[in-house]
Amino acid sequence: MKDIISDLLLQAAKTLVADTASINIILERPKSADHGDFSCNLAMILAKPLRQNPRTIAEQLIQALPKNTQIEKVEVAGAGFINFYLAANTKHDIVKDILQAGEHYGHNQTGKGEKVQVEFVSANPTGPLHVGHGRGAAVGDCLSRLLAANGWDVTREFYYNDAGAQIDNLTKSVLARAQGIATDDASFPENGYHGEYIADIAKAYLAKETVVADDIKVTASGDLADLESIRHFSVAYLRHEQDLDLRAFQIQFDVFSLESALYASGKVEETVQALIKSGHTYEEEGALWLRTTDFEDDKDRVMRKQEGGYTYFVPDVTYHLEKWNRGFTKVINEQGADHHSTITRVRAGLQALNVGIPKGWPDYVLHQMVTVMRGGEEVKLSKRAGSYVTLRDLIEEVGCDATRYFLAARRADSQLAFDIDLARAQTNDNPVYYIQYAHARICSVLAQWGGDASSLTSADLSALTSPRETSLMQKLSEFPDIVQNAASDLAPHMIANYLKECASELHSYYNDTKFLVDDASTKLARMALITATRHVLKNGLALLGVSAPNQM
C-alpha cells in the first residue's frame with residue numbers, strides 16, 4: 001500500500017510541479033486509527049517552492065489524485081497533512097495475507113541473500129557471563145533474527161579474547177586456589193579473580209578432569225608447575241561454562257574465533273607488516289605507532305609498546321581483516337559501551353591497510369550498563385562470581401523469556417534497570433506477561449471454537465466493521481514495516497514496543513467483543529481476525545527469542 005499511495009501522490013504532484021525527480025514521499029502510520037491508515041507531509045514539503053499555504057496545496061493534491069478502489073477517503077489534517085483511509089476490503093485483505101503467510105508474515109527479502117556477520121557477547125573467558133553480557137546476547141541474537149527475517153544470510157560469531165594480561169591473572173588465580181591460598185590472603189594475586197568459580201576450576205584441575213568447549217577438548221594434567229596446562233584448562237573450563245549459560249539463554253553461534261589463533265597463525269604479525277608497508281606507521285621512543293590521525297582519530301595510537309607486545313586494538317584490526325576476507329560485506333559488532341574508544345582506531349587500521357574496505361566499516365551497536373533491582377534496591381553481588389550479577393542468576397530468578405525480553409526491550413544505547421520483581425509478576429504491568437497472555441487468550445478462544453483453521457482463509461470478513469476491529473487490523477498491517485525498520489535501524493526494541501501495542505489492541509478487543517456468537521459468518525470473521533493476530537504476536541515474539549505459550 002505504501003508503494004501504491006506513493007505512486008498516486010507522485011502523479012498528483014506532477015500537476016503542481018514540473019520536476020518531481022527530487023521529491024521524497026514519506027508515509028507514516030498515524031498513532032490513532034481515527035487519523036487514517038497512512039499520513040503524508042508532501043504538501044508541507046512543496047509549500048516553499050510553490051509559495052503557497054500547505055493546506056491549500058494538500059487540497060490541490062487530493063483533487064489531482066487518480067482514483068483508486070483500495071482507498072476509501074483522503075482528508076487534510078492539521079497544518080497540511082494528507083491522511084489516507086483504506087477501504088474496508090483492503091483491510092480485510094491484510095487479514096487474509098497474514099493467514100496465508102503464517103509464520104512468514106512480516107518477512108521480506110531486503111537483504112537479498114547478502115552475507116552479514118553479527119559478532120556479539122565475545123566475553124573474555126575469565127568468569128561467568130554477567131548481565132551486561134546477557135544484554136549483548138539478547139540484542140545480538142535479536143538483531144540476527146531480524147536480519148534473517150529481512151533476507152540476509154546471517155552468521156553469528158563469538159570472539160574470545162583468550163590472550164593477554166587478563167588470562168595471565170586467571171592462570172595465577174587458579175594456581176593460588178589450587179595451592180590452598182584463600183582470596184583474602186596477602187599472597188593471593190593482586191589482580192586475581194575472587195569468585196567461587198576459581199576454586200571450582202582449581203578443584204577440577206587437580207582432579208585431572210576433562211572439559212569440552214566448542215571444538216576443543218582439554219584434560220587437566222594436575223601439575224601445579226605447568227602454568228601452560230593451567231592456562232589452557234582454565235580457559236576451556238570457562239568457555240564450557242559460558243556455553244552452558246548461552247544454551248540456557250537459547251543462544252547459538254555459528255562460529256567461535258580465538259584471539260590466540262590470530263597470534264599462533266602469524267596473522268597478527270602479517271597485519272602489522274602490512275600496516276608498516278602502507279606508510280601509516282612510525283617509531284618513536286621505542287614504540288611503534290599507527291598514524292590514526294590520517295583517518296579522523298583525535299591522536300595517533302601505539303601498536304607495539306616500548307616493553308614489547310602489541311596493544312589490544314592490533315589483533316582487533318587483524319580479526320576484522322579476516323572478517324572482510326571471509327566475504328562479509330556487512331559486519332555488525334554488538335558490544336558494551338566501554339568499546340566506544342576502539343571503534344575509530346579499528347576502522348582507521350582497516351583503512352590504513354588499503355584493501356578496499358569501505359569507510360565506516362564495520363557497523364557497531366553499543367549497549368549501556370544494566371542495573372539489577374529487587375525490592376527497590378540494587379542487587380550487586382553474586383556468590384558464585386564474587387563481584388557481579390551473572391546472566392544465569394537472572395535466568396534462574398525470572399526465566400529465559402522474561403530475561404530476554406527485558407534485556408532487549410529498550411534502546412541499546414540507554415541504561416537499563418532490570419526489575420526482578422516486575423519480571424516475575426504475573427500482571428499486566430509485566431510487558432512480557434501481557435504479550436504472552438494476549439497470545440494465550442486467543443488460543444483459548446480458538447480451542448473453544450474447535451473449528452477448522454484452514455477454513456478461515458476463505459471466510460467472509462465483511463462483518464469486521466467495529467472501531468476495535470478496524471484499529472486491530474491497522475495495527476496488524478504495521479508489522480512488516482516494523483520488522484523492516486527494526487532491522488535497518490539495528491533496533492530490536494522496536495519489535496518489543498510494537499508487541500505491547502498489538503497486545504493492547506487485542507486485549508481491548510477481547511474485553512469488548514463476544515467471539516463465539518450465533519451468526520456463523522460473524523463468528524468466522526472474528527476467528528480469522530484473532531487468528532491473524534495470533535500469528536503476528538507469535539512471529540514478533542520469535543524475533544525476540546521469546547516463546548508464545550498457548551495457555552497461562
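Bear in mind the structure is a predicted one, so any value in this text is a computation, not a measurement. (Residues numbered from 1 in each chain as written. Predicted model: local features only at pLDDT ≥ 70, side-chain atom pairs only at ≥ 80, totals over all residues. Heavy atoms only, no water.)

(A) Main features of the pattern of salt bridges. The tally for this structure, following the rule as stated, stands at 25 salt bridges. A salt bridge links D141 to R156; the nearest nitrogen and oxygen atoms lie 3.3 Å apart. With a gap of 15 residues between them, D141 in helix 5 (residues 131-149) and R156 in strand 6 (residues 153-160) connect regions that are remote in the sequence. In this structure, D141 and R156 share a single accessibility class: buried. Notably, a salt bridge pairs D512 with R468, separated by 3.8 Å at the nearest N-O pair. Taken together, the positions of D512 in helix 19 (residues 493-512) and R468 in helix 17 (residues 467-477) put the pair 44 residues apart, joining distant regions of the chain. Note on D512: relative accessible area 52%, which makes it exposed. (Salt bridge = Lys/Arg side-chain N within 4 Å of Asp/Glu carboxyl O. Helix = DSSP H or I, 4+ residues; strand = E, 2+ residues; numbered from the N terminus. Buried < 20%, exposed > 50% of the residue type's maximum accessible area, 1.4 Å probe, protein only.)

(B) Examining the environment of K514 more closely. Locating K514 in the fold gives a position in the loop between helix 19 and helix 20 (520-544). Judged by relative accessible area, which is 59%, K514 ranks as exposed. Sequence separation between K514 and L9 is 505 residues; the distance between their C-alpha atoms is 40 Å.

(C) Up close: the nonpolar core. Grouped together as the largest cluster of nonpolar side chains are 94 residues, with contacts concentrated most on V121, F249, Y405, F418, I495 and I530. In this structure, A12, V17, C40 and L61 belong to the second largest nonpolar core, which totals 26 residues. (Core = buried A, V, L, I, M, F, W, Y, C linked by side-chain atoms within 4.5 Å.)

(D) Up close: the side chain of Q242. Inspection of the secondary structure assignment puts Q242 in helix 8 (residues 227-248). Discounting residues that sit within four places of it in the chain, Q242 has contacts with A123, N124, P125, T126, G127, L129, F158 and Y160. (Contact = heavy atoms within 4.5 Å.)

(E) Inspection of the pairing of strand 10 (residues 281-284) at higher detail. The pairing of strand 10 with strand 11 (residues 287-290) spans 4 bridges and is classified as antiparallel. Residue pairing in the sheet places T281 in a bridge with L290 of strand 11. Connecting the antiparallel pair strand 10 and strand 11 is a turn made up of 2 residues, with E285 showing a positive phi of about 55°. (Pairing = 2+ DSSP bridges.)

(F) Quick look at the sheet that holds strand 13 (residues 330-336). What the 5 strands build is an open sheet, ordered 9-6-5-13-14; its pairing is parallel. Each of the sheet's edge strands pairs with one partner strand only, and the pair in question is strand 9 (255-258) and strand 14 (363-367). Averaged over all neighbouring strand pairs, the angle between strand axes comes to 25°, with direction disregarded. Here 5 bridges tie strand 13 to strand 14, and the two strands are oriented parallel to one another. Each bridged residue has a counterpart across the sheet, and for G336 the counterpart in strand 14 is H367. Taken strand by strand, helix 11 (residues 313-325) contacts strand 5 (115-119), strand 6, strand 9, strand 13 and strand 14, and its axis lies near 150° from that of strand 5. (Axes fitted to C-alpha atoms, helices over the stretch in contact; angles between N-to-C directions.)

Structural measurements only, silent on function.
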